[in-house]
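Chains, contacts and geometry: an overview
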Amino acid sequence: MAIRVEDLTFIYNEGTALEQRALDGVSFEIPDGQFVGLIGHTGSGKSTLIQHLNGLVKPTGGKIYYNGEDIYSEGYSLRQLRSKVGLVFQYPEHQLFEVDVISDVCYGPRNLGLPEDEVRQRAEDALRLVGMKEKYWEQSPFELSGGQKRRVAIAGVLAMNPEVLILDEPTAGLDPKGRDEILDQVEKLHNARGMTIILVSHSMEDMARYAERLLVMNHGKKAFDGTPREIFRHYKELEQMGLAAPQVTYVVHALRERGVDIDEDITTVEEARDALLEVLQRA
Amino acid sequence: MIREITIGQYYPVDSVLHRMDPRTKLFGTMVYIVSLFLADNVWGYAVAALLLAVVIRLSRVPVSFMVRGLKAILFLLLISVSFNLFLTDGEEIFRVGFLRVTWEGVRMAAFMAVRLIFLVMGSSVMTLTTTPNQLTDGLEKSLGFLKKVRVPVHEMAMIMSIALRFIPILVEETDKIMKAQMARGADFESGGLIQKAKSMVPLLVPLFISAFRRATDLAMAMEARCYHGGEGRTKMKPLRYARRDYTAYAVYAVYLGVIVLTKFV
């Protein structure tokens, strides 16, 4: 029981003509070590939701518990929480500001008040973790390529040693290679360290490949909650929400309509390949 | 937290005032300000209050929004009221130490307060019912005659509308970077002055970089669409006076007349 969200509601500009209900009675629980995918069309409340999870936004109504403690109760240290729940924003490279890569990554752990040698140690570990070679450490972050900048920014959050890592579209604007590298690294963190991951993404393929569980947001409400296989079965409803299932799921459904006996819950290309080979061998 | 900054605080509802030509509203605000300085007795201010009440009613903007604008001048208001209250010569009511309060002082202070409050509320009506873009459009057209003496009116209006357009963008950007650094344990509130100034670096550096990036992007996008200044440029929505605008001008004339009349009461 790591994160529990109860009946969370958030309203922008309450009581004016600009009032906007961003979140509406959202409840869920994320156990330790789960890889959760969060999907929803633009403006469905995903970003607002994840900002609540580390206390950056105060909810209009509802409660959030981290390890059983109400994070908005009097005396609860939000700074402590933020070191445990790491949040990587969209386009995180825009938050870089230091003269060189290593100092920028040091910023987070230094804010935690750690001794200087441990700060340095953590920063180096984090940079290695995201695959930044040592020759870049003393360079200005502004001279790096887009994908490298993003890795440095992610390392900046990882250096805080969070138990939960939340990533808001970490692959937006990256080329396919950069995208796969970042997501593989995230998966490695999940597998090797048992880190809880919450990943926001618009790529259903990525979701099918990495997430153990999917949360679907629609107009500020939780629409679905389940394994990717269960969720993508509702692909027609997903389409009405401006979402979709992975492309290979559509292929599988089309094959079934033509009488090919294949499992309808296939969500990744690899699964489809194995299932098709099996069908062919049987024939 | 930072969303509370309200410059160009347009309040989106539909009303006669919202549909009115920005030039009419600009001119009206000017007339109103002039009238506040013309009026010099209770009757004058009563007429001004009546007009303000009617206009606020017509604008369909909640009064609380108008009052919110007053917070910014609270300090100024306090200072000018106390200066007028204590430093005006005349018939004494009472005195505390060297501070004398006179009947004339009370009168002056009250008028000063009313004048300032009406001034701010009156101009709030304009900014709340007019989008910044309409406003610059109105200014450009109203000041168009200055082009004859080589004042770059169009360029200035363009600069102004871009600046106005960038305010909410930069506010949003600041909010985002602030949150991102807070997620990395930043603390923007505690500490002394120097500590606070230092903690701003992680906020300001990314903000400047993003402002420059956006500026170059915008310049490129404008050039790509062949922007080359105001010469021969037409408007998608040219400003045209409707009947309600002529009615408004008639109301201004009558209003000014009445204000001048109250001076002789």
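Above this text sits the structure in question.
An account of the accompanying structure is given in this report. Note that the coordinates shown come from a computational prediction; the quantities given were computed from them, not determined experimentally.

With that settled, consider the interface of chain B and chain A. Taken together, the contacts link 23 residues of chain B with 25 residues of chain A. Between chain B and chain A, the buried area comes to about 2200 Å², and carbon and sulfur atoms account for 61% of it. Among the residues of chain B in contact with chain A, Lys179, Ala183 and Arg184 of chain B are the three that bury the most area, contributing 33% of the side total. Seen at the junction of chain B and chain A, the total is two salt bridges. Asp104 of chain A is the salt-bridge partner of Arg184 of chain B, the closest N and O atoms lying 3.2 Å from each other. Linking chain B with chain A are five residue pairs in polar contact (both at pLDDT 80 or more), by the criterion used here. For the side of chain B that touches chain A, the elements supplying multiple residues, two or more each, are helix H8 (153-183) and helix H10 (201-224) of chain B. Top contributing element to the side of chain B that touches chain A by residue count: H8 of chain B, with eight residues.

Take the packing of helix H3 (residues 101-111) of chain A against helix H4 (residues 116-129) of chain A next. Residues and elements named next belong to chain A. Put simply, H3 and H4 touch, their axes get as near as 8 Å, and they point 120 degrees apart. By the criterion of interaxial angle, the relationship of H3 to H4 is oblique. H4 is crossed by H3, and the crossing has right-handed handedness. Across from Val101, Ile102, Val105, Cys106, Pro109 and Arg110 in H3, the residues of H4 making contact are Glu116, Val119, Arg120, Arg122, Ala123, Glu124, Ala126 and Leu127.

So, about the sheet that holds strand E7 (residues 164-168) of chain A. Residues and elements named next belong to chain A. The six strands lie next to each other as E6-E7-E8-E3-E9-E10, forming an open sheet whose pairing is mixed. The open sheet has two edge strands with one neighbour each: strand E6 (85-88) and strand E10 (221-226). Ignoring which end each strand starts from, the neighbouring axes of this sheet average 15 degrees apart.

All names here are of chain A. The antiparallel open sheet is built from four strands, whose spatial order is E2-E1-E4-E5. The open sheet is flanked by strand E2 (20-30) and strand E5 (69-70), the only strands paired with a single partner. Where strand E1 (residues 3-12) and E2 come together, seven bridges link them in antiparallel fashion. Bridge pairing links Ile11 to Arg21 in E2. Contacts from helix H1 (residues 46-53) reach E1, E2 and strand E4 (61-66) within the one sheet, and its direction differs from that of E1 by about 125 degrees.

Residue and element names in this part refer to chain A. Considering the arrangement of structural elements, one finds Val186 in helix H6 (residues 176-193). Remark: the alpha-carbon pair of Val186 and Leu167, spanning 19 residues in sequence, is separated by 9.3 Å. Aside from chain neighbours lying at most four places away, what touches Val186 is Phe35, Leu167 and Ile197.

Thresholds, definitions, all that
Throughout, residues of each chain are indexed from 1 in the direction in which the sequence is written. As a convention, the first chain written is A and the first ligand written is 1, with the rest following in written order. Whole-chain, interface and lining totals are the exception, using all residues; otherwise, since this is a predicted model, local features are given only for residues with pLDDT of at least 70 and side-chain atom pairs are given and counted only at 80 or more. Water and hydrogen atoms were dropped before computing side-chain values, which therefore reflect all heavy atoms in the structure. For this analysis, residues touch if any pair of their heavy atoms sits within 4.5 Å. When two parts are brought into contact, each loses some accessible area as probed by a 1.4 Å sphere; the total of that loss over both is the buried area. When a carboxyl oxygen of Asp or Glu is within 4 Å of a side-chain nitrogen of Lys or Arg, the pair counts as a salt bridge. N or O atoms within 3.5 Å of each other form a polar contact, as long as, within protein, one can give a hydrogen and the other can take it, and as long as residues adjacent in sequence are counted only when both atoms are side-chain atoms. Per the convention used, a helix needs a DSSP run of H or I reaching at least four residues, while a strand needs a run of E reaching at least two, with both numbered from the N terminus. Lines fitted to C-alpha atoms define the axes, with helix axes restricted to the stretch in contact, and inter-axis angles between N-to-C directions lie between 0 and 180 degrees. By the definition adopted for this analysis, an angle is roughly parallel if under 35 degrees, roughly antiparallel if over 145, roughly perpendicular if from 65 to 115, and oblique otherwise. Left-handed describes a crossing in which the near helix is turned anticlockwise from the far one by less than a right angle; the clockwise case is right-handed. Pairing between two strands is assigned when DSSP locates at least 2 bridges connecting them.

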